[in-house]
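Reading the structure
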Amino acid sequence: VSQGSELAALDMGKTGKLLGLFSQSEMAYELDRVNQKLNQPSLSDMATKALDVLSRNDKGFFLMVEGSNIDKAAHRNNLEEMMEELLDFDRTAGAVLDWASKHPGTLVVITADHNTGAFALTGGNREKGEINAQFGSGNHDGMAVPVYAFGAGSGAFTGIYENTDIFHKI
């Protein structure tokens, strides 16, 4: 499939495999996808369809979902794009966690491979949904990234460790 509407309408009962190619190069930012009414699926749309397809395998599956545009927006120090990408990733994580809560034996791990931009909140207004922030860099930085885990085996993901250790924990 090549359009978000095709992905949404796809009846996976008729096929066992799916290939989605929604862009010639990189997926659009969530802000552009919505404002320009692009026919690309959201990260959440793609993740939930992948769960639908992969969960049909009785041997289990591994799915990695990446919100790479968060990193790209942070490299450019673009607060509005970065926040929209974070919100899109949050909706995706919520959908995946909802799915996992209904499928015992599922492990969900949410993390990042690095932090970018040396981002810091400097103020804002919660009631208005406004934030003030500052970027200290346009590059990757040395800040620790959190790891969240839910479900079967999630107890292995506690403490502080190198992010490359996640491979061994899985």
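Residues numbered from 1 in each chain as written. Predicted model: local features only at pLDDT ≥ 70, side-chain atom pairs only at ≥ 80, totals over all residues. Heavy atoms only, no water.

**Things to note about the overall build of the chain**
What the chain contains, in helices and strands, is 6 helices and 6 strands. C-alpha extents for the chain along the principal axes are approximately 50 × 40 × 35 Å. Taking all 170 residues of the chain together, 24% fall into the buried category. Expressed as a percentage of contacts within the chain between residues at least 6 apart in sequence, the contacts between residues at least 24 apart total 57%. Seen as two clouds, the 14 positive and the 23 negative side-chain charges of the chain have centres 7 Å apart. (Helix = DSSP H or I, 4+ residues; strand = E, 2+ residues; numbered from the N terminus. Buried < 20%, exposed > 50% of the residue type's maximum accessible area, 1.4 Å probe, protein only. Contact = heavy atoms within 4.5 Å. Lys, Arg positive; Asp, Glu negative; His and termini not counted. Charge placed at Lys NZ, Arg CZ, Asp CG, Glu CD.)

**Details of the side chain of E81**
As for its position among the elements, E81 is in helix α5 (residues 79-101). Side chain to side chain, E81 and R76 meet in a polar contact 2.6 Å long. For E81, the residues in contact, after removing those within four places along its chain, are Y29, L31, D32, A73 and R76. (Polar contact = N/O pair within 3.5 Å; in protein donor to acceptor, adjacent residues only side chain to side chain.)

**Re the packing of aromatic side chains**
Two descriptors summarise a pair of aromatic rings, namely the distance from one centre to the other and the angle between the planes of the rings. Summed over all chains, the structure comprises 2 aromatic pairs. Aromatic pair F61 and W99: ring centres 5.9 Å apart, planes at 65°, arrangement edge-to-face. Remark: W99 occurs in helix α5 and F61 occurs in the loop between α3 (43-54) and α4 (68-75); sequence separation between them is 38 residues. Here F61 falls in the partly exposed class, since its relative accessible area comes to 35%. Take W99: its relative accessible area is 17%, and that puts it in the buried class. Taking 5.3 Å as the distance between ring centres and 55° as the angle between the ring planes, the aromatic pair formed by F119 and F135 counts as tilted. Of the two residues, F119 is situated in strand β3 (residues 119-125) and F135 in strand β4 (residues 130-135); the sequence distance between them amounts to 16 residues. We note K169 situated over the ring of Y161; from NZ or CZ to the ring centre the distance is 4.3 Å. (Phe/Tyr/Trp six-rings, centres within 6.5 Å; stacked < 30°, edge-to-face > 60°. Lys NZ or Arg CZ within 6 Å of the ring centre and 35° of its normal.)

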